[in-house]
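The residues making up each chain are set out below.
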Amino acid sequence: MNFDPDEQFRCTIIRGKAKNMLDNLLPAYANIIDDLCPCDKGFFATNFNNRLVNILGQHTSKKTLDNHRTEIAGKLFGMYYEDGEVILPSNRTLKYLDDSDQPAFFKDICFKFQFPNGMDKVDKVIEKVAARISIRQYPYILQVLLSADKSNIRLTKDDIAFYVLNSLQVLQGKVTPDQVIEKIAEERNEGITRKVRHPGKQSSFSMQHIREQLNYLELANLIRIDSNLIQLNYRESKNINYIAGFWDKKPEFDVYNYDLTSEEGKKNFFYDWQVYYSDLNGHKSFTTTIDSLEVYTTTPTCDLDKKALGDEGENFVLEYEKERVRSFDPSLIRKIVHLGQTKGLGYDIQSVVAEPGESAEFVKYIEVKSTKRVTVPDLSDSTWIDTINLTRNEWIAAAQHRKSYYIYRVYFTPGQATMYVIRDPYTKNQDEKLKAKPVSYRIDFSNSSVDYMVVEEKEAYQ
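As a starting point, this report considers the structure included with it. (Residues numbered from 1 in each chain as written. Predicted model: local features only at pLDDT ≥ 70, side-chain atom pairs only at ≥ 80, totals over all residues. Heavy atoms only, no water.)

**Remarks on the sheet that holds strand β4 (residues 155-156)**
Now for step 1: An order of β4-β6-β5 is seen for the three strands of this open sheet, with the pairing classed as antiparallel. Each edge of the sheet is formed by a strand with only one pairing partner; in this case those strands are β4 and β5 (223-226).
Now for step 2: Note: β5 against strand β6 (residues 229-232), four bridges, orientation antiparallel. Pairing of R224 across the sheet is with Q231, part of β6. (Pairing = 2+ DSSP bridges. Helix = DSSP H or I, 4+ residues; strand = E, 2+ residues; numbered from the N terminus.)

**A short note on helix α3 (residues 62-76)**
Side chains that are three or four residues apart share a direction in an α-helix, a result of its 3.6 residues per turn.
Now for step 1: Taken as a whole, α3 carries its principal kink of about 30 degrees at H68.
Now for step 2: Buried within α3 we find L65, D66, H68, R69, I72, A73, G74 and L76.
Now for step 3: On its buried side, α3 packs onto α1 (19-36), α2 (41-56), β2 (80-83), α5 (102-112), α11 (203-219) and α13 (263-278).
Now for step 4: Backbone geometry just downstream of α3 places G78 in the positive-phi region, at approximately 60 degrees. (Bend = angle between axes of the 7 residues up to and from the residue. Buried < 20%, exposed > 50% of the residue type's maximum accessible area, 1.4 Å probe, protein only. Contact = heavy atoms within 4.5 Å.)

**Quick word on the sheet that holds strand β3 (residues 86-89)**
Each strand in a sheet pairs with another by means of backbone hydrogen bonds, the pair being arranged parallel or else antiparallel.
Now for step 1: With antiparallel pairing, the three strands of this open sheet are ordered in space as β1-β3-β2. Looking along the sheet, the strands with just one partner apiece sit at the ends: β1 (39-40) and β2.
Now for step 2: Alignment of β1 against β3, held across two bridges, turns out to be antiparallel. In the sheet register, C39 faces β3, and the bridge partner there is I87.

**Regarding the pairing of β3**
Now for step 1: Sheet topology note: the β2/β3 ladder contains four bridges and is antiparallel. Bridged to Y81 within β3 is L88.
Now for step 2: Counting the residues in the hairpin turn of β2 and β3 gives two residues, including G84, whose phi is positive at 70 degrees.

**Some details on the packing of aromatic side chains**
Now for step 1: This model, assessed by the stated rule, comprises 34 aromatic pairs.
Now for step 2: Plain terms: the ring middles of W273 and Y277 are 5.2 Å apart, the flat faces sit at 10 degrees to each other, and that makes the pair stacked. With W273 and Y277 both in helix α13 and four residues apart, the pair spans about one turn of that helix.
Now for step 3: Of the aromatic side chains, those joined through ring pairs into one cluster are F113, F115, Y138, F253, Y258, F269, F270, W273, Y276 and Y277.
Now for step 4: Between R10 and the ring centre of F205, over which it is positioned, the NZ or CZ distance is 3.5 Å. (Phe/Tyr/Trp six-rings, centres within 6.5 Å; stacked < 30°, edge-to-face > 60°. Lys NZ or Arg CZ within 6 Å of the ring centre and 35° of its normal.)

**With respect to the pattern of salt bridges**
Now for step 1: Using the criterion set out here, one finds 29 salt bridges in the structure.
Now for step 2: Across the salt bridge formed by D159 and R188, the nearest N and O atoms sit 2.6 Å from each other. Of this pair, D159 sits in helix α8 (residues 157-165) while R188 sits in helix α10 (residues 177-189), and the two are 29 residues apart along the sequence.
Now for step 3: The salt bridge partner of K322 is E319, with a shortest N-O separation of 3.9 Å. With K322 and E319 both in helix α14 (residues 309-328) and three residues apart, this pair spans about one turn of that helix.
Now for step 4: The class of E319 is partly exposed, set by a relative accessible area of 49%.
Now for step 5: Shared partners join several salt bridges into a network, and the residues in it are D6, E187 and R194. (Salt bridge = Lys/Arg side-chain N within 4 Å of Asp/Glu carboxyl O.)

See the structure below:
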């Protein structure tokens, strides 16, 4: 068909937060959900808010806390779902808790996001259905960017906004990415520059939902935005090509199967959507390598897959400790031992103090906790907080070794690794400089604990 980009349609998403704040809050959301769930809805609402207010500050309003819980952690991130009156953690959350791969978390979101969706209120869904919207916008955007690179065309946020995310024909699935690039090239040759504008409205009304959608591609480590220009991160070429390959596939969740004019239809629609969206992409488990955080603007010529995140973090700290100790006294390097594969110790690396004084050869016990994220953590940000989990053995080691026990928190981000060192977390917890909370219990029981026993024949439950 003849592509007419002047046919515009404002297709919004749930309002999120700034990129840095989303990167900061993801681990907090995940650990709160992991601590509380499964649980009933009332308990979850109260205790999620109580936990989050300790992070965001006592001045935070209930409305803001509710928004974090329901709109961002729930609808936008799909971190939990409701089954009747019970709240359950999503598989997406469980995977993140297991691998601490924040870009992979956002890759999964980008893969499953679509228009229309069940995040909107029903009137907005009906509006999109009436306009015959049907698109997986993130695969489509990636394919547009790939097509642009083949044509040596650099795209801006304004281009993606006007020709893709606000274009009715694109949102309806009637235009190919190549047609979008052809139209952009044609209009550029004619000196035409396009921007999304709504007369009488501020620019935030026109562009905020566009910027936030692009934020998720950045948080997924798939693109970088330099000023207004967008470029693909070709160190993620495998994931980019995989996701982009779905640009012409219909959304997996078919909104058009539901009767949104009936209460029963609406109820089924919203329930089915949250179950679908909160689950992991069933096609591929996304990962993020350390190398992929360093942007390539052309396709790399080698395979960039690396070891698991835990190994990468421990190897980073091991090399850091070797260099630190070597600069003090090379003969002490032999006392550095990597013990990450030894179970039950409560620490990953045994090193030495290597500082002037009689304690120079005293032992340091180091537990390494690593994560990957796109934004650099900023200690000067008053809202910044991080959350890590220690095993029982790790906490016992912290209590036993006190000032000799260290947590090295490693953040792998684009172009750099940042490490925060926490010495003696056990005493810091006693001094309320950090908060350590037991989040699980092991129960050992014997016959004296049992109230009654039920035995059924096998046929009774087959």
